[in-house]
Every structure is written in structure tokens, then in C-alpha cells.
Amino acid sequence: MDRMKKRLSMTLVSIMVLGALVGCGTGGDKPASSGGGDKGTKKDEFSFYFTGSLNVKDLWEAVVPMFEKKYPNIKVKMVHIDSGSGGQSTVDRIIAAKQANQKSGNIDLYEAGLSDVSKGIKEELWDSLDAKKIPNLSKVEEVKLTNVKGMAIPYRASAVILAYNSAKVKAPPKTANELYDWIRKNPGRFAYNDPATGGAGDSFVQTAIYNFLPPEANVSSDPSNMQKWDQGFALLKELHPFMYQKGVYPKKNQGTLDLLANGEVDIIPAWSDQALEQSAKKLLPDTTKLTQIEPSFTGGPTYMMVPKLSEHTESVYTFLDYVLSPEAQSVIVTKMYGYPGIKWSEMPQDLKDKFKDVAGGYRTFNIGDLGKEIQKRWQRDVAGQ
């Protein structure tokens, strides 16, 4: 009987050991997954550097938790760089890491403007991106990707538009020439800010000048284009006495918004996101409406780039795909009042209806240091006349 018990015990032990071994072979440690279902697996963390004002920080503090809830195995380490405090140093850090044959400098994803994109392309810093890696990339207009050689994702944008008092302006201008005619017929009721102090005024000036040049000049820094500015500056000089108080130019974008809010002028150029936000916060009168003209004012995207040296590209691609989803893009529109990075046709119908007045688009200007030359000449020939 004892022998029988021993044999049974040994048989049971053998079965348990075999079962454990089979369990190890089929259900052991799983690799980290970017999906949302494997909550027990190891997390992957990547570093995301982004620049901008507080509203950019607020945006990511809203979007990142949404992403991490959907993909609990991916952690996003956010590093916010205040606007104007050294975005260029971030690019330089990636360049230095590349030259030292190091990793990405612990920067796995970077958000910035076109100048940083261009510098990184020249230095061969950025990974090539396509819809095979990031399926929602197919929702972005192809031309916006080819402009940056597929090395950056234009995930949001803003544009300069016209903000006007609909109680005073029943039929707002639809074209640039109609706007200039309106200014002449309504002296003192239009204002744009000093172009050196804000992008809205700068856009008004550049648009007036470059409407006389061929479209390819809009993205050229060729100094020879300076010889073609005379017609545009002649127009700006002619409009000068019809401006607010016969030629007073407020400081900063906010300066002209304040004039519109106080009823001192009826039409101004303004950034779409800034005007929409202030309208929503009742800082502008309820009669304020927005529209775009043809040819449109300038605008442009903000981009996201993946350094080639990143060791977390799979997780980064998952994050970028989420950022380009209608869910995340809706946060960009409703929280930042920005243009979506994906096509408006991909956005929810209620948002398309709500923002239809400013969804007409924009023209991208990339003229490099010529912009500073325009500002110098404007101070001399227009403001100083």
C-alpha cells in the first residue's frame, strides 16, 4: 500500500511539473505591446519635447492622458520648452548626439515650426514617415507632407483671417482687392498691427506685397525677390492715411483685437485661434465674426518629427497615429481653436459646421530672412512717411 501511495504521489508531481512547463511555453512573459489590452505587460516610455505658449502645454496635458488611457503600456514623458526660450537648442542637442554617435539625446519626438523641420532635414535628423507606419497619415493632405519630404507631420495649424464687427459690416470683403477698396471707403475703421510686433500685421503686409509676385515666391528666400516689392509697398503707402487715426499701428496682435473689442475699428487681420478663443471667452463682442479672403492670408502648420536615433519609434508611431485621429484632432480644434492637421472632411460634422467661416485655408509663406527686410522697409517707407 505504501508503494502504491508513493507511485501515485510521484505521478501527481510529474503531472504538475509538466503542466507548469507547458504553461511556461505558452503563457510566459509577453513583450511590451502598444495595444490597450495587455495591462500586465511592461511599459515603454518615450520623451516628447514640444515648444510653445501655455496653450500648447494645456493641449498636450489634455491629449496625452487620453492616449495613455487607451494605450496603458505606453508612457509619454512630456518636456515643455517655453516659447522663445530655446527650441533651436533642442535641434542642436539632437545634432550633437548624432555627431557623437549617441542615441537621440533622449528626445524621441519633437514638435516645432518649419524652420526646425528644414534644419533637421538638412542635417538628416528625422525619420521618414508614411501611412504604413502611421495609418492615419492618409488623412493628411498629401501636399502638406511632400512640402517637408515626408519627414514631419503637420498635426495642427493656424491662419490669419479677418475679424469684423457684423453690426457695422453687413457684407465683409471676400477678396484682397475688395478689402483694400473697403479700407479706402471707410477711413479710420481698419487697423493692422506693426508687422515687427505680431504675425497678424506681418501677414497683412506680406500678403499685400506678394500678391504682386508669382506663387513660387511665397516659399523662396531668394534676395532677388526684393527687387519685385515696389508695387506692394506702393499699395501699403497709398493705404496708410486710411488706417486707424490716419496711420497709427498698434503694437502686437492683441493691440488690434483691443481696438475691435472697443468699437474703435470695424475690421482687422487676426490669428484665427486667438480670435476664436477670445470670442468664446466673451472678450470680443457677440457681433464679431471671422472670414477668410481670396487670395488668403498666410498661415502654417506646427510639425512633429521623429529623430532617427530614437529607440522607441514603435511607441512614437502609435502616439502619432492617435494624434491624427478625429478624437485627438477634435481637442485641437475645441481647446486650441486651431486648424486640424487632418482634412476637414475627416472631422466630425458639428465641428465642420461650427468652424466653417474660418476653414477656408491659408497660404504658407516661407521667405526666410526676407521677412525681416520687409519689416525694415515697412518702418521706413510706410510708417515713417
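Shown above is the structure to which this text applies.
No experiment lies behind these values; they were computed from the predicted model shown. (Residues numbered from 1 in each chain as written. Predicted model: local features only at pLDDT ≥ 70, side-chain atom pairs only at ≥ 80, totals over all residues. Heavy atoms only, no water.)

> Got a minute to help me understand the overall build of the chain in this structure?
If you tally the helices and strands in the chain, you get 14 helices and 9 strands. Taking as baseline every contact in the chain between residues at least 6 positions apart, the subset at least 24 positions apart corresponds to 77%. As displayed, the chain has an accessible area near 19200 Å², and 51% of this comes from carbon and sulfur atoms. (Helix = DSSP H or I, 4+ residues; strand = E, 2+ residues; numbered from the N terminus. Contact = heavy atoms within 4.5 Å. Areas by Shrake-Rupley, 256 points an atom, 1.4 Å probe, with all protein chains shown as cover.)

> Explain the pattern of salt bridges to me, please; I cannot follow it from the model alone.
A side chain with one charge can pair with a side chain of the opposite charge if their charged atoms come near. A complete count under the given rule lists 15 salt bridges for this structure. Close ionic contact of Arg184 with Glu238 constitutes a salt bridge, the shortest N to O distance being 2.8 Å. Within this pair, whereas Arg184 is found in helix α6 (residues 176-185), its partner Glu238 is found in helix α8 (residues 230-239), the two being separated by 54 residues in sequence. Given a relative accessible area of 27%, Arg184 falls into the partly exposed group. With a shortest N-O distance of 2.9 Å, Asp266 and Arg189 are connected by a salt bridge. Residue Asp266 is located in the loop between α9 (252-261) and β5 (267-271), and its partner Arg189 is located in the loop between α6 and α7 (199-210); the two are separated by 77 residues in the primary sequence. In this structure Arg189 comes out as partly exposed when scored by relative accessible area, which is 25%. (Salt bridge = Lys/Arg side-chain N within 4 Å of Asp/Glu carboxyl O. Buried < 20%, exposed > 50% of the residue type's maximum accessible area, 1.4 Å probe, protein only.)

> Whenever I open this one, the packing of aromatic side chains confuses me. Can you help?
Note on aromatic pairs: each is described by the distance of the centres and the angle between the planes. A full pass over the atoms with the stated rule returns 20 aromatic pairs. Judged by centre distance (5.2 Å) and plane angle (45°), the ring pair of Phe48 and Phe50 falls under tilted. Aromatic rings pair up to connect Phe46, Phe48, Phe50, Trp60, Phe67, Tyr71, Tyr155, Phe319 and Tyr322 into one cluster. (Phe/Tyr/Trp six-rings, centres within 6.5 Å; stacked < 30°, edge-to-face > 60°.)

> How should the nonpolar core be read in this particular structure?
Burial of nonpolar side chains together is a common tendency in soluble globular proteins. Within the largest apolar cluster, 58 residues are counted, with the highest numbers of intra-cluster contacts made by Phe48, Trp60, Leu109, Met304 and Phe319. Apart from residues lying up to four places away in sequence, Phe319 is in contact with Phe46, Phe48, Trp60, Val64, Phe67, Val76, Leu109 and Met304. Leu235, Met243, Ile267 and Val382 belong to the second largest nonpolar core, which has 34 residues in total. (Core = buried A, V, L, I, M, F, W, Y, C linked by side-chain atoms within 4.5 Å.)

> How should the packing of α6 against α8 be read in this particular structure?
For any two helices packed against each other, one specifies the crossing angle of their axes together with the interaxial distance. The contact between α6 and α8 brings their axes to 10 Å, and the two run at 25°. Considering the angle they form, α6 stands roughly parallel to α8. Here α6 contributes Tyr180, Ile183 and Arg184 to the contact with α8, which in turn contributes Leu235, Glu238 and Leu239. Residue composition of the contact of α6 with α8, by class: 4 nonpolar, no polar and 2 charged. (Axes fitted to C-alpha atoms, helices over the stretch in contact; angles between N-to-C directions. Parallel < 35°, antiparallel > 145°, perpendicular 65-115°, else oblique. Nonpolar A, V, L, I, M, F, W, Y, C, P; charged D, E, K, R; others polar.)

> Is there a simple way to think about helix α14 (residues 370-383) in this case?
An α-helix turns once every 3.6 residues. As a result, residues three or four positions apart point the same way. An ideal rise of 1.5 Å per residue puts 20 Å on 14 residues; α14 measures up with 18 Å between its terminal C-alpha atoms. At Arg377, α14 shows its maximal kink, close to 30°. Every buried residue belonging to α14 is among Leu370, Gly371, Ile374, Arg377, Trp378, Asp381 and Val382, and all of these are buried. Packed against the buried residues of α14 are α7 and α8. (Expected span 1.5 Å × (residues − 1). Bend = angle between axes of the 7 residues up to and from the residue.)

> Mind showing me how you'd approach the environment of Ile367 here?
Inspection of the secondary structure assignment puts Ile367 in the loop between β9 (363-364) and α14. Sequence spacing of Ile367 and Asn225 is 142 residues, and the spatial spacing of their C-alpha atoms is 9.7 Å. Apart from residues lying up to four places away in sequence, Ile367 is in contact with Gln206, Tyr210, Ala217, Asn218, Ser220, Ser221 and Ile374.

> Explanation requested: the packing of helix α2 (residues 54-70) against helix α11 (residues 313-323) in the structure shown.
The interhelical angle for the contact between α2 and α11, taken along N-to-C directions, is 115°, at an axis separation of 11 Å. Considering only the axes of α2 and α11, their crossing is right-handed. In this structure, α2 uses Trp60, Val63, Val64, Met66, Phe67 and Lys70 to contact α11, whose residues at the interface are Thr318, Phe319, Tyr322 and Val323. (Left-handed = near helix turned anticlockwise from the far one by under 90°.)

> What's the story with unusual backbone geometry in this structure? I'm lost.
Leave glycine aside and you will find that most residues have negative phi; peptide bonds, for their part, are mostly trans. The amide bond that connects Glu294 to the next residue, Pro295, takes the cis arrangement and shows omega of -5°. Relative to the helices and strands, Pro295 resides in the loop between β6 (288-291) and β7 (298-305). Positive phi values are uncommon outside glycine, yet Glu124 reaches one of about 55°. Locating Glu124 in the fold gives a position in the loop between α4 (114-122) and α5 (142-146). Glu124 gets classed as exposed once you look at its relative accessible area, which sits at 53%. One non-glycine residue, Lys252, adopts positive backbone phi at about 70°. A relative accessible area of 55% means that Lys252 is categorised as exposed.

> Looking at this model, I keep getting lost on the pairing of β5. Mind explaining?
For a regular strand, side-chain orientation follows a simple rule: the groups alternate between the two sheet faces. Buried residues dominate β5, accounting for 4 of its 5 residues. Where strand β4 (residues 153-165) meets β5, 5 bridges bridge the pair, whose relative direction is antiparallel. The residue of β5 that forms the bridge with Leu162 is Pro269. (Pairing = 2+ DSSP bridges.)

> Mind showing me how you'd approach the environment of Val219 here?
Position of Val219 among the secondary structure elements: in the loop between α7 and α8. On the accessibility criterion, Val219 (52% relative accessible area) is exposed. Between the alpha carbons of Val219 and Gly368 there is a distance of 8.5 Å; along the sequence they are 149 residues apart. Each residue touching Val219, except ones within four places of it in the same chain, is listed here: Thr364 and Asn366.

> Looking at this structure, I do not really get the environment of Lys356. What am I missing?
Considering the arrangement of structural elements, one finds Lys356 in the loop between α13 (349-354) and β9. In this structure, the C-alpha to C-alpha distance between Lys356 and Leu290, residues 66 residues apart in sequence, is 9.7 Å.

Keep in mind that these numbers describe shape and distance, not what the molecule does.
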